[in-house]
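# Fold and geometry: a report
Listed below, chain by chain, are the residues.
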Amino acid sequence: MASDKIILTGDRPTGRLHIGHYVGSLRRRVQIQDEGDYKRMYVFIADAQALTDNVDNPEKVRQNLIEVALDYLSVGLDPEKTVIYVQSQIPELCELTFYFMNMVTVSRLQRNPTVKTEIQMRGFSGESIPVGFFTYPISQAADITAFDATHVPVGEDQKPMLEQTCEIVRRFNNIYGEGTLTEPKIVLPDNAACLRLPGTDGKAKMSKSLGNCIYLSDTAQELKKKVMSMYTDPLHIHVEDPGHIEGNTVFTYLDAFSRPDHFAEYWPEYQNLDELKEHYQRGGLGDMKVKKFLNKILEETLAPVRERRKEYEQDIPAVYEMLRKGSETAREAAAATLDRVRHAMKIDYF
Ligand code: ATP
Ligand code: MG
């Protein structure tokens, strides 16, 4: 039975999508899409947002638009079920952002922990930060509310963004009338390892901007090379040494990707991940063996994605046409919300 849920998520076209996106959000989206328990599901490519910190590199954003669209199709997002659209094609979002700007203070934006981290990561210093980047949480509130989204399945880094959106909605409704805009709920991954998948270098977050990613489109050889050089436990020098699981990226990835049937198929010496972890912690288990196992599991997940991508790559104009149609549908929905917003604000003068 379809419910009243409106699901919405997006990704920045700043690079191809990686396995952090997959476990943090994409896998969940496809699952929700296929279960069909929603009124509508939207997925968008945030090209305008990507420009906020790529002003000198618009070509990168333009090229990655198609890469992200290909990643979507290859993981199983289906344009027959999900409205897939391009943010810049929905001018209503700018209008809504314009109204929202009055409801947020500079100090509130400065307190947003995700923005703080991202400012650091990008090396913007002092007040040299582009205004558009600084205010992107506001435009993100417009991205969500323009579609009356009720559920947003994203990674943990987006939590402060959703909180900020809810504050804006409450303020707006308080001033212009309860029920005008909808407060969204964040849907986080239920597996702790997927909340914020670390990079292959062991750094806190796998991120396109940090170059520590395993991409969905990596070849089998690239995947293997990255897995084999992954960060593990620097104190685990000899095979017989006891190893540490905490902060050991290989085990975090196993937490995110492995299932008991993987053991039966690829490593029957162990029943499950707990047994493997126990052996590693006891000592006597080398990193290479664990990495080979992880590689098999990732290859099982990524091989079909890679194959589907190849098929879609054969007809790029069809992919653009899919985005055009999706953007048209999305724009109708945003326009209806903006009519309602203008009416609530009593600026529908004529
Ligand atoms: P950028 O560095 O350009 O910000 P990104 O890799 O952080 O790129 P986004 O496009 O900002 O990717 O994020 C898209 C979605 O993927 C969001 O829902 C975000 O929470 C999720 N996500 C991104 N990286 C990870 C990760 N390492 N682990 C879990 N979820 C992630
Ligand atoms: Mg990001």
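The model shown is predicted, which means the values in this text are computed figures rather than measured ones. (Residues numbered from 1 in each chain as written. Chains lettered and ligands numbered in written order. Predicted model: local features only at pLDDT ≥ 70, side-chain atom pairs only at ≥ 80, totals over all residues. Heavy atoms only, no water.)

### Looking at the overall build of the protein chain
Counting its regular elements, the protein chain contains 16 helices and five strands. Relative to its length of 350 residues, the protein chain is compact, with a C-alpha radius of gyration of 22 Å against a globular reference of 20 Å. Overall, the C-alpha framework of the protein chain stretches about 80 × 45 × 40 Å when taken along its three principal axes. Going through the 350 residues of the protein chain one by one, you find that 53% of them count as buried. Within the protein chain, contacts between residues separated by at least 24 positions form 77% of all contacts whose residues are at least 6 apart in sequence. Here the protein chain carries 43 positive and 52 negative side-chain charges, and the mean point of each set is 2 Å from the other. (Helix = DSSP H or I, 4+ residues; strand = E, 2+ residues; numbered from the N terminus. Rg over C-alpha atoms; globule rule 2.2 N^0.38 Å. Buried < 20%, exposed > 50% of the residue type's maximum accessible area, 1.4 Å probe, protein only. Contact = heavy atoms within 4.5 Å. Lys, Arg positive; Asp, Glu negative; His and termini not counted. Charge placed at Lys NZ, Arg CZ, Asp CG, Glu CD.)

### Considerations on helix H4 (residues 92-100)
Looking only at H4, the buried set comprises Glu92, Leu93, Leu96, Thr97, Tyr99 and Phe100. The buried residues of H4 all sit within an arc of 160° when viewed along its axis, so they share a single face. When the buried face of H4 is taken as reference, the exposed residues oriented beyond 90 degrees from it are Cys94 and Phe98. Close packing links the buried residues of H4 with helix H8 (136-145), helix H9 (159-176) and helix H16 (316-344). (Arc of directions from axis to C-beta.)

### Looking at the packing of H8 against H9
Running from N to C, H8 and H9 cross one another at 70°; their axes reach a closest spacing of 9 Å. If you check the angle between H8 and H9, you find them roughly perpendicular. Between H8, through Tyr136, Pro137, Ile138, Gln140, Ala141, Ile144 and Thr145, and H9, the contact on the second element is made entirely by Met161, Leu162, Gln164, Thr165, Ile168 and Val169. Partitioning the contact of H8 with H9 into residue classes produces nine nonpolar, four polar and no charged. (Axes fitted to C-alpha atoms, helices over the stretch in contact; angles between N-to-C directions. Parallel < 35°, antiparallel > 145°, perpendicular 65-115°, else oblique. Nonpolar A, V, L, I, M, F, W, Y, C, P; charged D, E, K, R; others polar.)

### As for the packing of H4 against H16
Describing two packed helices takes the angle between their axes plus the distance from one axis to the other. One way to put it is that H4 packs onto H16 with a least axis distance of 9 Å and a crossing angle of 30°. Between H4 and H16, the interaxial angle falls into the category roughly parallel. As for the relative orientation of H4 and H16, their crossing is left-handed in sense. For the pair H4 and H16, the contacting residues are Glu92, Glu95, Leu96 and Tyr99 in the first and Arg331, Ala334, Ala335, Leu338, Val341 and Arg342 in the second. Among the residues making up the contact of H4 with H16, the classes are represented as six nonpolar, no polar and four charged. (Left-handed = near helix turned anticlockwise from the far one by under 90°.)

### Some words on the site of ligand 1
Taken together, 23 residues sit near ligand 1, with Thr14, Asp157, Leu197, Lys205 and Ser209 positioned nearest. At 2.8 Å from an oxygen atom of ligand 1 is found a side-chain nitrogen or oxygen belonging to histidine 21. The contact in question runs from a nitrogen atom of ligand 1 to an N or O atom on the backbone of leucine 197, over 2.8 Å. Considered on its own, ligand 1 offers 600 Å² of accessible surface; in the complex 97% of this is hidden by protein. Secondary structure elements with two or more residues in the shell around ligand 1: strand E1 (6-11), helix H1 (19-35) and helix H10 (192-195). Ranked by residues supplied to the shell around ligand 1, first place goes to H1 with four residues. In the shell around ligand 1, the residues fall into five nonpolar, eleven polar and seven charged. (Near = heavy atom within 4 Å. Polar contact = N/O pair within 3.5 Å; in protein donor to acceptor, adjacent residues only side chain to side chain. Areas by Shrake-Rupley, 256 points an atom, 1.4 Å probe, with all protein chains shown as cover.)

### Re the domain arrangement of the protein chain
The assigned domain composition of the protein chain is domain 1 (6-197 + 316-344) and domain 2 (218-310). Taken over C-alpha atoms, the centre of domain 1 sits 33 Å from the centre of domain 2. Counting residues at the interface gives 16 residues for domain 1, matched by eleven residues for domain 2. Carbon and sulfur atoms make up 64% of the surface buried where domain 1 meets domain 2, a total of about 1,100 Å² over both sides. At the junction of domain 1 with domain 2, the criterion picks out two salt bridges. (Domains from an automatic or database assignment. Buried area = accessible area lost by both parts, 1.4 Å probe. Salt bridge = Lys/Arg side-chain N within 4 Å of Asp/Glu carboxyl O.)

### Describing the nonpolar core
One finds Ile19, Tyr72, Ile214, Leu216, Leu254, Leu276 and Val290 to be the most contacted residues of the largest nonpolar core, which totals 58 residues. At eight residues, helix H3 (residues 58-75) tops the list of elements feeding residues into this core. Two domains each donate at least three residues to this core, and these are domain 1 (6-197 + 316-344) and domain 2 (218-310). Of all hydrophobic cores here, the second largest spans 41 residues; its members include Ala46, Tyr85, Leu96 and Val169. (Core = buried A, V, L, I, M, F, W, Y, C linked by side-chain atoms within 4.5 Å.)

### A closer look at the environment of valine 187
Among the structural elements, valine 187 can be located in strand E5 (residues 185-187). Separated by 28 residues in the primary sequence, valine 187 and lysine 159 place their C-alpha atoms 9.4 Å from one another. Once you skip the residues sitting within four places of it in the chain, valine 187 turns out to touch Arg28, His151, Val152, Pro153 and Val154.

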